[in-house]
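Descriptive analysis of the structure
Single-letter residue listing:
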Amino acid sequence: MGDGPVDPRRRVPRTDTLLADPVLAAATATLGREQVKAIVSHAQGRARRGELNPDEVRDAAVAALPTPGPRVVLNATGVVLHTNLGRAPLSPAAVAAVVAAAGHTDVELDLATGRRARRGRGALDALRAAVPDAGAVHVVNNGAAALVLAATALAAGREIVVSRGELVEIGDGFRLPDLLESTGARLREVGTTNRTTLADYAAALGPQTGFVLKVHPSNFRVTGFTSAVGVRQLATLGVPVVADIGSGLLGADPLLPDEPDAASTLRAGAALVTASGDKLLGGPQAGLLLGDVEVIDRLRRHPLARALRVDKLTLAALGATLHQPDTPTRVALHADPGALRERVERLRDRLGVDGRKAEVVPAVAVVGGGGAPGVELGSWALSLPERYAAPLRVGDPPVLGRVVRGRLLLDLRCVPAAADEAIRAAVLRVPGDD
Ligand SMILES: *Cc1c(COP(=O)(O)O)cnc(C)c1O
């Protein structure tokens, strides 16, 4: 026998070897031996056809086992907060906190006294510390739940005064007006789509008013002949102002000058601010409520608050995110285009060594997640023929890019640098004939 290259197909692992793998063997207990065997032979087939390296067959089979949870993907779309991809990825600190909190925790117990304590006070204290302008805070399951709780506790059977320019659809067909009216509150719409004045609000106020709602129209912009009334002016009307800022920025970010933040909104006079945890804050899905002590007390004592109660894993992730705010979301937002370009060039060069022709092109990344619609983030992408899009999307791990004018662009802004190698390997697994 020489030391010449062995035909890779000869190195495809045997079925019985694969079925003896601990993970695959365990899967036969739940899925049955036949289904696991079918998955294994599919992976072997891919290796025989050259779509997979023989030493990747086991991993491919494990990855193809039907799992009840969502699959992990690489986000090369250039959309920082992609709703279909789960918005903000958690930081390593938040992931560690979630894993640690998966067991028994003191989530509702004061260890010093042995008595029941306010649920999730560690995370709540961290949120208050991050926004000292808030008298008190509360957390529910998502931004929509925060609004529903506010509308129910503060305006059910009464009126919410809101500008016609702020009655937005938040996505997937869900509209704020319907959400608010589902609580039994009535909407008192004022102004027009493009212009609303303080006098419009003032004329609508009366004993039936629950609160004035200010919604940040986070996923679109109205330009031209427009006017809107800010929280500072609304706060002079003598009724509580609830501000849905959407994005979850706690303090101002110079990169996003048009995004309202919780601290400034409270200082402007809002009685209550609502926001999402998994947008610009970069934490878990959650609804943040920050505001006056009496308002927050009414919200958390309302019976509905129990139905919107947040999970201990969420509280763990939120607390860790607030303690260590250098989240992957922030890293992606503030990534230096020069450094991104170098990463893409390195990727192109290494793919070139393996005979794959790719180009390095400038790209425009966006915040996404219904946030900062006017902000364009200069970025760089690897450009491949469009035919790569589908196999990369269904590969393992799935790699998601953006098809622009017949080319697949893989924008590295939201890809952790440590995953560049995984992208390279994924591209090489697509049969190449270009
Ligand atoms: C995103 C958003 C919501 C909904 O928040 P979820 O966390 O997705 O429930 C509501 N209002 C505004 C202004 C938003 O941007």
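Everything numeric here is computed off the predicted structure, so don't read it as measured data.

1. Here's the deal with the nonpolar core
The biggest cluster of nonpolar side chains holds 38 residues, and the ones touching the most others in it are L288 and L290. Per element, the largest residue contribution to this core is 4 residues, and it comes from helix α6 (residues 121-130). Not counting the four nearest positions on each side in its chain, L290 is found in contact with L127, V131, A134, A136, V137, A262, L266, A271, L272, V273 and I296. By size, the runner-up hydrophobic cluster in this structure holds 30 residues, among which are V140, I160, L213 and A271.

2. Focus on the packing of aromatic side chains
Considering all chains together, one arrives at 0 aromatic pairs under this definition. Over the ring of F225 we find R195, and its NZ or CZ is 3.9 Å from the ring centre.

3. Structural notes on the environment of V98
Of note, V98 is situated in helix α5 (residues 92-101). Sequence-wise, V98 and Q285 are 187 residues apart; in three dimensions their C-alpha atoms are separated by 13 Å. For V98, the residues in contact, after removing those within four places along its chain, are L90, L313, A316 and A317.

4. Looking at the site of the ligand
Close to the ligand lie R87, N142, G143, A144, I170, H216, S218, D244, G246, S276 and K279, which account for all nearby residues. With respect to the ligand, the backbone of G143 contributes an N or O atom lying 2.8 Å from an oxygen atom. For the ligand, whose unbound accessible area comes to 380 Å², protein coverage reaches 92%. Secondary structure elements with two or more residues in the shell around the ligand: α7 (143-155) and β11 (241-246). When grouped by side-chain class, the residues that make up the shell around the ligand number 2 nonpolar, 6 polar and 3 charged.

Thresholds, definitions, all that
- Residues numbered from 1 in each chain as written.
- Predicted model: local features only at pLDDT ≥ 70, side-chain atom pairs only at ≥ 80, totals over all residues.
- Heavy atoms only, no water.
- Core = buried A, V, L, I, M, F, W, Y, C linked by side-chain atoms within 4.5 Å.
- Buried < 20%, exposed > 50% of the residue type's maximum accessible area, 1.4 Å probe, protein only.
- Helix = DSSP H or I, 4+ residues; strand = E, 2+ residues; numbered from the N terminus.
- Contact = heavy atoms within 4.5 Å.
- Phe/Tyr/Trp six-rings, centres within 6.5 Å; stacked < 30°, edge-to-face > 60°.
- Lys NZ or Arg CZ within 6 Å of the ring centre and 35° of its normal.
- Near = heavy atom within 4 Å.
- Polar contact = N/O pair within 3.5 Å; in protein donor to acceptor, adjacent residues only side chain to side chain.
- Areas by Shrake-Rupley, 256 points an atom, 1.4 Å probe, with all protein chains shown as cover.
- Nonpolar A, V, L, I, M, F, W, Y, C, P; charged D, E, K, R; others polar.

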